Amino acid sequence: MVEEKFFTDRERLTLALADECAAALQAGIKANGQATFLVSGGSTPEPVYRALSKRPLPWQQINVALVDERWVERDEAGSNHAFIANSLLQNEASEAPCLGMKNPAATPLEGEAECERAYQELPQPYDVCILGMGNDGHTASFFPYAEGLDEALNPKSDKVCKAITAKQSAVTGIHTERMTLTLAAILQAKEIKLLITGEDKLKVYRQALLGDDEQEMPVRSILKQGLKPVTVYWAP
C-alpha cells in the first residue's frame, strides 16, 4: 500500500506536496470545521513548510501538532517545536495553534501521561501526517533498537504518545531522550506522507522495502503495516 511520487528536482516536489497538504487541510476544515496537521522536524520538509506558510488557508482552524520531539526546551538546540515555529508558523500561518510535546517533566517517561492527555484532545482522524526518514532507517522517533520501541510500534495500542530512549549511535548529538507519536496514532491520519531526498536515502528506502525487521529499520513499520496507504515523495 505504498505509492511512490518521484520528482526530477526538489522544487517540483515542494510545490506538489505543499499543494496536496493544502488541499487535504482545506477538505478537513470543510468537513469538520477544523483540521489536524502532524509535522516532523528536519531540513528535508522545511521548504514544504515555508511554502505552506504563505498559503492563505484558515490557519486558525488548523491544529498543528508535532510527530516527535527531543526532550529539550524550545530555546535549546534540536527543538522540533522551535523549528516548526520558525518554518511553518510564519506569514499566513503565524496564528495556527501548535501543540508541542515537551512539558515541565524532567524526562519523557515522567512527562508521558501529560503529553498523552494533551494529544488525546486532538480530533481524530488526523488529516495529514508528514514523516521523514534517517539514514539509519528511523522515522518519527522510532530509532533502531530503542528502549520503548516495541510498545511504540504496536499498531493496536490505544496510546497516542510514547517516551523513547534512542541509542547514542543512532542519533546526532546527545539528545537520546525523546517523545514520539505511536504507530497506532500515526495510522489515524487520513494521509501519511513520507518525504525523502537524495540518492543515499533512496537506497535506505529500498533496503527497507526488502526486509521485515522493524527493530533494525523502524521505517518498515510505516511502509509495511498494510492498514493505511502511504505516499513516498522523493527527489534527488
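The structure we're discussing is the one just above.
Residues numbered from 1 in each chain as written. Predicted model: local features only at pLDDT ≥ 70, side-chain atom pairs only at ≥ 80, totals over all residues. Heavy atoms only, no water.

Peer 1: Hey, could you run me through the packing of helix 2 (residues 46-53) against helix 3 (residues 80-87) in this one?
Peer 2: For any two helices packed against each other, one specifies the inter-axial angle together with the distance between the axes. Close contact between helix 2 and helix 3 brings their axes to 8 Å; oriented N to C, the two are set at 45 degrees. Taken together, the axes of helix 2 and helix 3 lie oblique to each other. The residues of helix 3 that touch helix 2, namely those facing E46, Y49, R50 and S53, are F83, I84, N86 and S87. Broken down by class, the residue content of the contact of helix 2 with helix 3 amounts to three nonpolar, three polar and two charged. (Axes fitted to C-alpha atoms, helices over the stretch in contact; angles between N-to-C directions. Helix = DSSP H or I, 4+ residues; strand = E, 2+ residues; numbered from the N terminus. Parallel < 35°, antiparallel > 145°, perpendicular 65-115°, else oblique. Contact = heavy atoms within 4.5 Å. Nonpolar A, V, L, I, M, F, W, Y, C, P; charged D, E, K, R; others polar.)

Peer 1: Would you explain the sheet that holds strand 2 (residues 35-39) in this entry?
Peer 2: The strands that make up a sheet pair up through hydrogen bonds in the backbone, lying either parallel or antiparallel. Spatially, 1-10-9-6-2-3-5 is the arrangement adopted by the seven strands of the open sheet, whose pairing is parallel. The sheet is open, and its two edges are formed by strand 1 (2-6) and strand 5 (98-99), each paired on a single side. Note that strand 9 (residues 189-197) and strand 10 (residues 230-235) share six bridges and pair parallel. Each bridged residue has a counterpart across the sheet, and for I196 the counterpart in strand 10 is W234. (Pairing = 2+ DSSP bridges.)

Peer 1: Looking at this structure, how should I read the pairing of strand 8 (residues 177-181)?
Peer 2: Most of strand 8 sits inside the fold, with four of its five residues counted as buried. Taken together, the three bridges between strand 4 (residues 68-70) and strand 8 define a ladder with antiparallel strand orientation. Bridging from a neighbouring strand, D68 pairs with T180 of strand 8. Note that strand 7 (residues 161-165) and strand 8 share five bridges and pair antiparallel. What sits directly across from T165, in strand 8, is E177. (Buried < 20%, exposed > 50% of the residue type's maximum accessible area, 1.4 Å probe, protein only.)

Peer 1: How do you make sense of the environment of I186 when you look at a structure like this?
Peer 2: Among the secondary structure elements, I186 is positioned in helix 6 (residues 183-186). Separated by 56 residues in the primary sequence, I186 and I130 have C-alpha atoms spaced 9.6 Å apart. What I186 contacts, discounting residues up to four positions off in sequence, is C129, L131, A140, F142, L181, I192 and I222.

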